[in-house]
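# Report on the structure
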Amino acid sequence: MYRSLVYPILSTLEPERAHGLALKSLRAAQATPGGLSILRCFAGPRDPRLEVRAFGMTFPNPLGAAAGLDKNADAAAALMALGFGCVEVGTVTPRPQPGNGKPRVWRLPEAAALINSLGFPSNGAAAVKKRLAGKRFNGILGVNLGKNKDTPAEKAPEDYAAVFDALKDEMRYAVVNVSSPNTPGLRSLQSRRALLDILAAVDEVNSKLAKPRPVLVKLSPDLDDAQLDEALAGALEGGASGLVISNTTLDRSLLKDQFPDRPGGLSGAPLRDKSLAMLRKVRGKVGKRLPLIGAGGIATAEDAIARMKAGASLVQLYTSFVYGGPGLPGQVVRGIDEFVKKEKLRSVEELIGADA
């Protein structure tokens, strides 16, 4: 129904406007008595065999909503009701900022892809805190941390620590985003020294909590081998709890000459193989020392299972939700559940690293 009736209407709107309309609809549903119950009709099963224990927490299933889908924490409860086991809101910056100039999002429906050059548009940490304060969720809430565009690289640790400090009571885990291609100079923060400084600044706040939050690092799929080794060294030495593999890519060779002149990061189906290959490479380098979250090009249960077999404890999607609609999370979770039953697995955790 979504593909035949709703998406054709949304696709006539500018992509960012359509996304805003979808979030408003989800926000309205979660604010309406009985609204979340209606959304749960789309969700997959609550099967104990789908639970994943990672980062000291139990996730109801391995599927998460990737950062970018709900930048300002407008609809986290609704997204969980649709079947996501966790929702990573953000990227959140310390101060409000508009992001890059529009237009800055382009659909590539033939490729099931998006290109975005958003540049961290954010309501700011204080506004997101107000939206989340006192809320309890039927799943795990994470926060993707970013820096303001006008913050120089040497001051970046202060920005990441400020967002973490503002939202520490609302989040269950945090992700340090140093890999978006849309903020000038941000990807340079994937160096060992820069990551050590950022993680130390966040840990200064985190270590004072009665229950410190897991802090992960999200990496770019465009790192060469030397850059990847640098980033992994920084994450390991800095005490990161895990890694998200991967962010969007600048690699236009994956598009076969479709819109090569559009600026920004490419996401969706063309990124699938590149991100999976990076996940395998990272698992080979770090083994089980750092749990991994697989992201980039995931659209089906088969995609999710492949990431888990390659070493991911959890997976995240975003772009496929734009094209697949509210029924997609439940569809993916049901597919994983059917696979677990067919293979007679005691837990979906048996898949983690099975092919590594």
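Look up a bit, the structure's there.
Residues numbered from 1 in each chain as written. Predicted model: local features only at pLDDT ≥ 70, side-chain atom pairs only at ≥ 80, totals over all residues. Heavy atoms only, no water.

Two measures define how a pair of helices packs: the angle their axes make with one another and the distance between the axes. Where helix 7 (residues 192–206) contacts helix 8 (residues 225–237), the two axes come as close as 8 Å, and the packing angle between them is 25°. It follows from the interaxial angle that helix 7 and helix 8 lie roughly parallel. For the pair helix 7 and helix 8, the crossing hand works out as right-handed. Facing helix 7, whose interface residues are Arg 192, Leu 195, Leu 196 and Leu 199, helix 8 presents Glu 230, Ala 231, Ala 233, Gly 234, Ala 235 and Glu 237. (Axes fitted to C-alpha atoms, helices over the stretch in contact; angles between N-to-C directions. Helix = DSSP H or I, 4+ residues; strand = E, 2+ residues; numbered from the N terminus. Parallel < 35°, antiparallel > 145°, perpendicular 65-115°, else oblique. Left-handed = near helix turned anticlockwise from the far one by under 90°. Contact = heavy atoms within 4.5 Å.)

Before going further, it helps to examine the sheet that holds strand 5 (residues 105–108). Taken together, the three strands give an open sheet; going across it, the order is 5-6-11, and neighbouring strands pair in antiparallel fashion. At either margin of the open sheet sits one strand with a lone partner, and together these are strand 5 and strand 11 (265–268). Each adjacent strand pair in this sheet contributes to an overall mean axis angle of 20°, direction not counted. Where strand 6 (residues 113–116) meets strand 11, four bridges bridge the pair, whose relative direction is antiparallel. Across the sheet, Ile 115 pairs through a bridge with Leu 266, a residue of strand 11. (Pairing = 2+ DSSP bridges.)

Positionally, Ala 301 belongs in helix 10 (residues 301–310). For the pair Ala 301 and Ala 354, spaced 53 residues apart in the sequence, the C-alpha separation amounts to 16 Å. In this structure, Ala 301 is in contact with Val 332, Gly 335 and Ile 336, ignoring residues within four places of it in sequence.

Whenever strands of a sheet pair, they do so through backbone hydrogen bonds, lying parallel or antiparallel. Around the barrel, which closes on itself, the eight strands sit in the order 3-4-7-8-9-10-12-13 with parallel pairing between neighbours. The average undirected angle you get between the axes of adjacent strands in this sheet is 25°. Two strands pair when backbone bridges link them, and strand 4 (residues 86–92) and strand 7 (residues 140–145) are joined in this way by five bridges, in the parallel orientation. Bridge pairing links Val 87 to Leu 141 in strand 7. Docked against the sheet, helix 9 (residues 272–286) engages strand 9 (215–219), strand 10 (242–245), strand 12 (292–295) and strand 13 (312–317), running at close to 155° with respect to strand 10.

Right, let's get into the pattern of salt bridges. Taken as a whole, this structure holds 19 salt bridges when the rule is applied. A cluster of three or more residues bridged by salt bridges with shared partners is formed by Arg 187, Asp 222, Asp 251 and Lys 274. (Salt bridge = Lys/Arg side-chain N within 4 Å of Asp/Glu carboxyl O.)

Once that is clear, we can look at the packing of helix 10 against helix 12 (residues 328–342). Running from N to C, helix 10 and helix 12 point in directions that differ by 60°, and their axes come no closer than 8 Å. Taken together, the axes of helix 10 and helix 12 lie oblique to each other. In this structure, helix 10 crosses over helix 12, and the sense of that crossing is right-handed. In contact with Ala 301, Ala 304, Ile 305 and Lys 309 of helix 10, helix 12 contributes Val 332, Gly 335, Ile 336 and Phe 339. Each residue belonging to the contact of helix 10 with helix 12 can be placed in one class, and the counts come to six nonpolar, one polar and one charged. (Nonpolar A, V, L, I, M, F, W, Y, C, P; charged D, E, K, R; others polar.)

In this chain, Gly 90 is followed by Thr 91 through a cis amide linkage whose omega measures 15°. The residue Thr 91 is located in strand 4 in this model. That bond from Ile 245 to Ser 246 is cis: its omega, 15°, falls within 30 degrees of zero. With respect to the helices and strands, Ser 246 occurs in the loop between strand 10 and strand 11. Within the chain, Ala 112 stands out as a residue other than glycine whose phi angle is a positive 50°. The exposure class assigned to Ala 112 is partly exposed, which follows from its relative accessible area of 32%. (Buried < 20%, exposed > 50% of the residue type's maximum accessible area, 1.4 Å probe, protein only.)

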